[in-house]
Each structure stands twice: as structure tokens, then as C-alpha cells.
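# Structural features, examined
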Amino acid sequence: VAAVGEAVTRFAVGDQVVGVAEGCFAEYVSAKESMLVAQPPELTAVQAAALPISGLTALQAVRDQGEVQPGQQVLVVGASGGVGSFAVQIAVAAGARVTGVCSTGKVDLVRSLGAAEVLDYTRDALPADHRYDVVVDTGGNRPLHQLRRALAPRGRLVIVGGETGGRWLGGVDRQLRALLLNPFLRQRLGSFLSSEGRDDLQALADLVGSGAVVPAVDRTWPLDGVPDAMRYLVAGRAAGKVVIEL
Ligand SMILES: NC(=O)c1ccc[n+]([C@@H]2O[C@H](COP(=O)([O-])OP(=O)(O)OC[C@H]3O[C@@H](n4cnc5c(N)ncnc54)[C@H](OP(=O)(O)O)[C@@H]3O)[C@@H](O)[C@H]2O)c1
């Protein structure tokens, strides 16, 4: 914190904080107090920068949308990505047995996040005889019927993203079909938009503090490397998060 406004009570100059603000590809940025929490001392600044949006999305996907319970079987599709790498760790922390789906070069990463089982989607199909209590889908734009086949009769499907240019609606077709189908099924199919706020940021920081979550950082770029970093990210092959380091 370089400066605080008059109404700020929780932070002082010199504090290390983590959170959400607009225009963060910058050396200084103005943030609302309600969008910040103390930076967990366990994290480097680079790891802390990787935490907020993907971590919040994963937290809300696993805890609020998936309602993951201890002992449940959870499938995370896109387990090596920004959101997926957090989702695996948060589901494991919730006491679930997690299966991660990723590409060949990322299997070790996903295992290191705590997944009990890793499926390489370039080689392995989703097991025909296995039903998961919760499926969190963040990558690959896998057809809805495939995801539903992997889901228990009363399981929950949480579509976080992975949409790639749908025919009619430019990428949200799958999410809309899930919402339309949902009232007619025993399975719960849903999608959501993540939200940002202090309580969930603190919950995330607490998970870091307990050692349950460590942001997986793939690469960093300097501030003048933002275009390259964005191109790398948009290619969709990052192993965890990409961070701009100041
Ligand atoms: N709902 C929300 O509020 C919200 C919030 C944040 C993000 N999102 C969305 O969530 C999605 C993921 O975001 P992200 O930041 O995690 O992206 P990301 O870091 O690029 O991760 C996507 C991952 O998908 C994996 N993938 C690609 N093809 C796959 C396939 N066929 N099967 C399984 N995995 C595959 C890739 O891993 P491999 O290299 O191993 O294939 C990649 O690591 C994006 O669509 C984003 O727009 C939604």
C-alpha cells in the first residue's frame, strides 16, 4: 500500500495486500478497500498476483455451485489451467477425491496439486463406467452429453468456461443449453459468473494460510511483455497462471 484514502480503516501505508482492481497492468493502481485482503505471508508477490480472479472463480465453482462435500468424487476438466489448478486444490481441501483432466505434459502438475487420478485427454476417454458427484468444466468445450454421462444421477455439473466460438451464440451455447435443460433433470447443470468480494478473498487467503492452496504459476513477463503474455494466455495452454511481474 503506497497511500490510503481518508475513509480507509483496515490498511496502512506499507501493508502487503492482494485483491482485485481495474487497470492492474500498472505499477500503481487505485483499489477499493473492500476488494483487498492482507497478502498471505506464505506467498511471494508473484504467487499472490496469481490468486484472486482464478482462485475466486474456482472457490465459487467448487464450494457454491458444486457444493462439494467430503468423500465425494469430483472431476475437474481443464485441471492444469488457471481456474482448474485452483479448483483441484480447493476440492481436495474440501475432502473430495479429485480426478483431473489435462494434456500429456501437464499430468505431473495436476498430480502435484493433489489429484488422486489424472486423465490425459489426448489419450484417455472419460471412463464409461464411472460417475462423478461433481464435474467442474473449465476447458475443452466438451459436449454436454459427454459431461452428463460422467455425472452421477443426482450429480452437479458446473460449467466455468472452456467455450470456444459456438455456432449460434458465439461461445455460450453450451451454458445456455445446460440452464434450459436443468429444470427437467435430476442432475443439476449450471453455469455462473464469478464475483469478487472481501469475504471470498479472505476464504481464499485462509486456504493458502492452511497450506491447502498454493497458486501454480507457469510464467512471468515484465510489464512491457503484456502483449506476449496475453497471446500466450489466449493460446489456452498455460500450466497454471501467467503473471506480470513489476
Ligand atoms: N465463469 C466465470 O466467472 C469465469 C471466470 C474465469 C474464467 N472463466 C473461463 O474459464 C475458462 C478457463 O479459464 P482459465 O483462466 O483457467 O484458462 P486457461 O488458464 O487457459 O486454462 C484452460 C485450460 O483448459 C485446458 N484444455 C484445453 N483443451 C482441453 C480439453 N480438450 N480437455 C481438457 N482441458 C483442456 C488447457 O490445459 P491443457 O494444456 O492441459 O490442455 C488449459 O490449461 C475460460 O473459458 C475462461 O473464460 C470463467
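Our structure's up above, just so we're on the same page.
Let's shift gears to helix H3 (residues 82-93). For H3, spanning 12 residues, the distance from its first C-alpha to its last is 17 Å, which sits close to the expected 16 Å at 1.5 Å a residue. Within H3, 10 of the 12 residues are buried, leaving the element largely enclosed by the surrounding structure. Downstream of H3 by one or two residues, Gly-95 has phi in the positive range, about 95 degrees.

Turning our attention to the pairing of strand S9 (residues 217-222). Here five bridges tie S9 to strand S10 (residues 241-245), and the two strands are oriented parallel to one another. Residue Arg-219 lies in a different strand from S10, and its bridge partner there is Val-242. Chirality of the crossover, the property in question, places the unit of S9, helix H8 (residues 226-234) and S10 among those that are right-handed.

Once that is clear, we can look at the sheet that holds strand S8 (residues 188-191). The six strands are arranged S5-S4-S3-S6-S7-S8 in an open sheet whose pairing can be described as parallel. Bordering the open sheet on either side are strand S5 (117-120) and S8, each of which pairs with just one other strand. Across this sheet, the average inter-strand angle for adjacent strands is 15 degrees, counted without regard to direction. Where strand S6 (residues 132-137) lies against strand S7 (residues 151-159), five bridges are found, and the strand directions are parallel. Residue pairing for S7: Tyr-132 is matched across the bridge by Leu-151. Lying on the sheet, H3 is in contact with strand S3 (73-77), strand S4 (97-102) and S6; it crosses S3 at an angle near 170 degrees.

Turning to the packing of helix H2 (residues 52-65) against H3, a few remarks are in order. Packing of H2 against H3 leaves a shortest axis separation of 8 Å and a crossing angle of 50 degrees. As far as their axial angle goes, H3 and H2 are oblique. Considering only the axes of H2 and H3, their crossing is right-handed. Of the residues in H3, those touching H2 at Ser-54, Gly-55, Thr-57, Ala-58, Leu-59 and Val-62 are Gly-82, Val-83, Phe-86, Ala-87, Ile-90 and Ala-91. Taken together, the residues that form the contact of H2 with H3 break down as eight nonpolar, four polar and no charged.

A few words on the site of the ligand. Among the 24 residues in the neighbourhood of the ligand, the closest are listed as Ser-103, Lys-106, Tyr-121, Ser-194 and Arg-237. Backbone polar atom of Ser-194 to an oxygen atom of the ligand: 2.7 Å apart, as the coordinates give it. Within the complex, 78% of the 920 Å² of free accessible area of the ligand lies under protein. For the shell around the ligand, the class distribution of residues is eight nonpolar, 13 polar and three charged.

Cut-offs used in this document
- Residues numbered from 1 in each chain as written.
- Predicted model: local features only at pLDDT ≥ 70, side-chain atom pairs only at ≥ 80, totals over all residues.
- Heavy atoms only, no water.
- Helix = DSSP H or I, 4+ residues; strand = E, 2+ residues; numbered from the N terminus.
- Expected span 1.5 Å × (residues − 1).
- Buried < 20%, exposed > 50% of the residue type's maximum accessible area, 1.4 Å probe, protein only.
- Pairing = 2+ DSSP bridges.
- Right-handed = clockwise from strand over helix to strand, strands pointing away.
- Axes fitted to C-alpha atoms, helices over the stretch in contact; angles between N-to-C directions.
- Contact = heavy atoms within 4.5 Å.
- Parallel < 35°, antiparallel > 145°, perpendicular 65-115°, else oblique.
- Left-handed = near helix turned anticlockwise from the far one by under 90°.
- Nonpolar A, V, L, I, M, F, W, Y, C, P; charged D, E, K, R; others polar.
- Near = heavy atom within 4 Å.
- Polar contact = N/O pair within 3.5 Å; in protein donor to acceptor, adjacent residues only side chain to side chain.
- Areas by Shrake-Rupley, 256 points an atom, 1.4 Å probe, with all protein chains shown as cover.

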